[in-house]
Amino acid sequence: WTVLHFLETMDFGDGAEDVANLFERWEDFISMTARDITRIPDISVGQRRKLDRYITLFNHGLWPKVSTDEFFSRFGGRPLAREGEAWTPEEDKRLHELARLYDADFGDPWIYLSWELQRREDDVRDRYMELVVKPRERATRHELAITKASRPLHMHRKFRMIPPDLYIVPSEENFPLAPQKFKLPAAFQRYRKDEIF
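These notes cover the structure that comes with them.

Criteria and thresholds
- Residues numbered from 1 in each chain as written.
- Predicted model: local features only at pLDDT ≥ 70, side-chain atom pairs only at ≥ 80, totals over all residues.
- Heavy atoms only, no water.
- Helix = DSSP H or I, 4+ residues; strand = E, 2+ residues; numbered from the N terminus.
- Buried < 20%, exposed > 50% of the residue type's maximum accessible area, 1.4 Å probe, protein only.
- Phe/Tyr/Trp six-rings, centres within 6.5 Å; stacked < 30°, edge-to-face > 60°.
- Lys NZ or Arg CZ within 6 Å of the ring centre and 35° of its normal.
- Core = buried A, V, L, I, M, F, W, Y, C linked by side-chain atoms within 4.5 Å.
- Contact = heavy atoms within 4.5 Å.
- Expected span 1.5 Å × (residues − 1).
- Arc of directions from axis to C-beta.

## Description of unusual backbone geometry
Okay, step 1: With an omega of -5 degrees, the peptide bond running from W63 to P64 counts as cis.
Okay, step 2: Residue position: P64 is located in the loop between α5 (45-59) and α6 (68-75).
Okay, step 3: With phi around 55 degrees, D103 is a residue other than glycine that occupies positive phi space.
Okay, step 4: Within the element layout of this structure, D103 appears in the loop between α7 (89-102) and α8 (110-117).
Okay, step 5: D103 gets classed as partly exposed once you look at its relative accessible area, which sits at 40%.

Encoded structure:
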């Protein structure tokens, strides 16, 4: 880049050659701060703002626009060593160890596990779900209760939550129900309404 080429590309306007002649080196021009730009004589306020904006964008690699492929080659970073590869039994074992170490059931440890296993966070989290969470949930018995709300819940005068009309009931195949052990005390039997429960 040269100073004149930069000014012409950003459509600086009148006086681009005069401004370009003020700088002997490209580095002096492109490293200017907003205060340095105010010292340039005979340019308008609009040109000063535009020049400051384009220098900032250029220094951050955001101008001129580049193709998507070039953008990813500049800012994409290096791929992780095991990214996109199939999981091995050794890696599954290591995932279990790290999940215990970082306590995968509390918080969001996936960025640490990702770095340790040299895989993407989504890949590590999905593998943990398949190996640990889904089998654990399928082996657990669940209780299910469906109730019917008769009035909206008023939490705030500007916020109203209307009772849902759609109930999603998990299948007993994936979530086996625990045997019903609850027995309504005799004192409450007269209040029970079968059409609600």
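## Brief notes about the packing of aromatic side chains
Okay, step 1: Counted by the stated rule, this structure contains 15 aromatic pairs.
Okay, step 2: Ring geometry for F6 against F29: centres 5.2 Å apart, planes inclined by 75 degrees, an arrangement best described as edge-to-face. Here F29 lies in helix α3 (residues 26-30) and F6 lies in helix α1 (residues 3-9), a separation of 23 residues in the sequence. Just as F6 is buried, F29 falls in that class too.
Okay, step 3: For the pair Y102 and Y112, a centre-to-centre distance of 5.7 Å together with 10 degrees between the ring planes defines the contact as stacked. With a gap of 10 residues between them, Y102 in helix α7 and Y112 in helix α8 connect regions that are remote in the sequence.
Okay, step 4: Taking the relative accessible area as the measure of exposure, Y102 reaches 27% and is therefore partly exposed.
Okay, step 5: For Y112, a relative accessible area of 48% puts it in the partly exposed group.
Okay, step 6: Through pairs of rings, three or more aromatic residues link up here, namely W1, F6, F23, W26, F29, Y54, F58 and W63.
Okay, step 7: For R119, the ring lying beneath its charged end belongs to W87, and the centroid distance is 4.1 Å.

## Remarks on the nonpolar core
Okay, step 1: If you look at the biggest cluster of nonpolar residues, it comprises 21 residues, and the most contacted ones within it are F6, L7, F29 and L51.
Okay, step 2: Broken down by secondary-structure element, the contributors of at least two residues to this core are α1, α2 (16-21), α3 and α5.
Okay, step 3: Looking at which element gives the most residues to this core, the answer is α5, with 4 residues.
Okay, step 4: Look past the residues within four positions of F29 in its chain and what remains in contact with it is V3, F6, L7, F23, L51 and I55.
Okay, step 5: In terms of nonpolar packing, the next biggest core, distinct from the first, is built from 12 residues, W87, A104, L117 and V133 among them.

## Some remarks on α5
Each turn of an α-helix holds 3.6 residues, which means side chains three or four residues apart point in the same direction.
Okay, step 1: Compared with an ideal rise of 1.5 Å per residue, which puts 15 residues at 21 Å, α5 spans 21 Å between its outermost C-alpha atoms and is within 8% of the ideal.
Okay, step 2: Those residues of α5 lying buried are Q47, R48, L51, Y54, I55 and F58. Projected down its long axis, α5 shows its buried positions confined to an angular sector of 140 degrees, all on one face. Turned more than 90 degrees off the buried face of α5, the exposed positions are V45 and R49.
Okay, step 3: Packing partners of the buried residues in α5 comprise α1, α3 and α4 (34-38).

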